[in-house]
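Summary of structural features
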Amino acid sequence: MAERAIKNVAVFVSGGGTNLQALIDAAARGELPHAKLALVVASRPGIGAIDRACAADIPVIVAAPKEYDTAAYDAVLLDIAQRHGIDYIVLAGFLAILGPVLLAAYPRRIINIHPSLIPRHCGAGMYGLRVHRSVLNSGDTMTGATVHFVDEDVDSGEILAQKQVPVLPDDTPETLQQRVLEQAEWQLLPRIVEQLCRGDYEEER
Ligand code: GRF
């Protein structure tokens, strides 16, 4: 059977959803010709990302990890993805850990965006402003964002792309976070999602 040219993408979110918005805006500009933003999965109710999805007419499912044990949550996410015919999963500020069943069903088909230049300032507990605080404490003069495949560890999968952003002398964690979002994350993520859906990262067979 011929592969569909347009791939169904699910975006998994836990927060404000500005990266989701960057994807929605890129799609509206015609920059994601091989991707359909088919579903948003939220790890908790009441978050800004849900409002953004609704405004863009993207179906939303709330699946909260605290309502399941680890294995059941893994199965629930897989069931959601399969029922919606999802080809690729994008973690855009998703704070729950994916389990082995979902990962095995989507090899090289799940990506994450992290707001630093991995391997700097990443791993368990490194999310949100903690990342940018860590950058400032380290004295690094460059930071940025990384898009990588997701594997069973945190922030450890194969790196697909990085974009650098300068750290300025008077930065606070908040100003640095905003610069990384604007100058790196919101540009990098739509570009990589399109490349992924176009098949650029498929393994040679
Ligand atoms: C972003 O910094 C992303 O890199 C990280 O979580 C944050 C999510 O922000 N994984 P938003 O919800 O997309 O605004």
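Look above for the structure.
The shown structure was predicted, so the numbers you read here are calculated from the model rather than taken from an experiment. (Residues numbered from 1 in each chain as written. Predicted model: local features only at pLDDT ≥ 70, side-chain atom pairs only at ≥ 80, totals over all residues. Heavy atoms only, no water.)

Notes on the overall build of the protein
Within the protein one finds six helices and seven strands. Ordered by position from the N terminus, the helices and strands of the protein form the series β-α-β-α-β-α-β-α-β-α-β-β-α. Against the compact-globule benchmark of 17 Å for 205 residues, the protein has a radius of gyration of 16 Å, which places it among compact chains. In terms of overall dimensions, the protein has a C-alpha envelope of 55 × 40 × 40 Å along the principal axes. Sequence-distant contacts in the protein: of pairs separated by 6 or more residues, those separated by 24 or more amount to 65%. Surface accessibility of the protein: about 10,100 Å² in total, with carbon and sulfur atoms responsible for 52%. For the protein, the separation between the mean place of its 18 positive charges and that of its 26 negative charges on side chains is 3 Å. (Helix = DSSP H or I, 4+ residues; strand = E, 2+ residues; numbered from the N terminus. Rg over C-alpha atoms; globule rule 2.2 N^0.38 Å. Contact = heavy atoms within 4.5 Å. Areas by Shrake-Rupley, 256 points an atom, 1.4 Å probe, with all protein chains shown as cover. Lys, Arg positive; Asp, Glu negative; His and termini not counted. Charge placed at Lys NZ, Arg CZ, Asp CG, Glu CD.)

Re the pattern of salt bridges
The tally for this structure, following the rule as stated, stands at seven salt bridges. Linking R108 and E203 is a salt bridge whose minimum nitrogen-to-oxygen distance equals 3.8 Å. One end of the pair, R108, is in the loop between helix 4 (100-105) and strand 5 (110-114); the other, E203, is in the segment after helix 6 (173-198), and 95 residues separate them in sequence. A salt bridge links R198 to D200; the nearest nitrogen and oxygen atoms lie 2.5 Å apart. A relative accessible area of 39% means that D200 is categorised as partly exposed. Here the salt bridges share partners, and the residues they tie into one network are R108, E158 and E203. (Salt bridge = Lys/Arg side-chain N within 4 Å of Asp/Glu carboxyl O. Buried < 20%, exposed > 50% of the residue type's maximum accessible area, 1.4 Å probe, protein only.)

Regarding the nonpolar core
Judged by nonpolar contacts, the single largest core of 40 residues is most densely connected at V9, V11, I111, L189 and V193. In terms of residue count, the dominant contributor to this core is helix 6 (nine residues). Setting aside chain neighbours within four positions, we find V11 in contact with L20, L23, L37, L39, V40, V41, V90 and A92. Membership of the second largest hydrophobic core comes to 22 residues, among which are A10, A38, L78 and L91. (Core = buried A, V, L, I, M, F, W, Y, C linked by side-chain atoms within 4.5 Å.)

Digging into helix 6
Here helix 6 spans 35 Å end to end across 26 residues, near enough to the 38 Å set by a 1.5 Å rise per residue. Along its length, helix 6 reaches its greatest deviation from straightness, about 40°, at L181. Remark: G199 follows helix 6 within two positions and exhibits a positive phi of approximately 95°. (Expected span 1.5 Å × (residues − 1). Bend = angle between axes of the 7 residues up to and from the residue.)

Here's the deal with the packing of helix 1 (residues 18-28) against helix 2 (residues 48-55)
Where helix 1 contacts helix 2, the axes come no closer than 9 Å and their chain directions differ by 15°. When the axes of helix 1 and helix 2 are compared, the pair comes out roughly parallel. Handedness of the helix 1/helix 2 crossing: left-handed. Where helix 1 approaches helix 2, its residues T18, L20, Q21 and I24 are matched on the opposing element by A49, R52 and A53. Considering only residue class, the contact of helix 1 with helix 2 consists of four nonpolar, two polar and one charged. (Axes fitted to C-alpha atoms, helices over the stretch in contact; angles between N-to-C directions. Parallel < 35°, antiparallel > 145°, perpendicular 65-115°, else oblique. Left-handed = near helix turned anticlockwise from the far one by under 90°. Nonpolar A, V, L, I, M, F, W, Y, C, P; charged D, E, K, R; others polar.)

Points about the environment of G15
Mapped onto the secondary structure, G15 falls in the loop between strand 1 (7-13) and helix 1. Overall, G15 belongs to the partly exposed group, its relative accessible area being 25%. Sequence separation between G15 and L39 is 24 residues, and the spatial gap between their C-alpha atoms is 16 Å. With sequence-adjacent residues up to four places away left out, G15 is seen in contact with I47, G48, A49 and G93.

Some thoughts on the site of the ligand
G15, G16, G17, T18, N19, G93, I113, H114, P115 and E185 make up every residue found near the ligand. Taking I113, its main chain carries an N or O atom lying 2.9 Å from a nitrogen atom of the ligand. The fraction of the free accessible surface of the ligand (370 Å²) that becomes covered by protein chains is 82%. At the level of elements, helix 1 and strand 5 are the ones that each hand at least two residues to the shell around the ligand. The residue makeup of the shell around the ligand, split by class, is two nonpolar, seven polar and one charged. (Near = heavy atom within 4 Å. Polar contact = N/O pair within 3.5 Å; in protein donor to acceptor, adjacent residues only side chain to side chain.)

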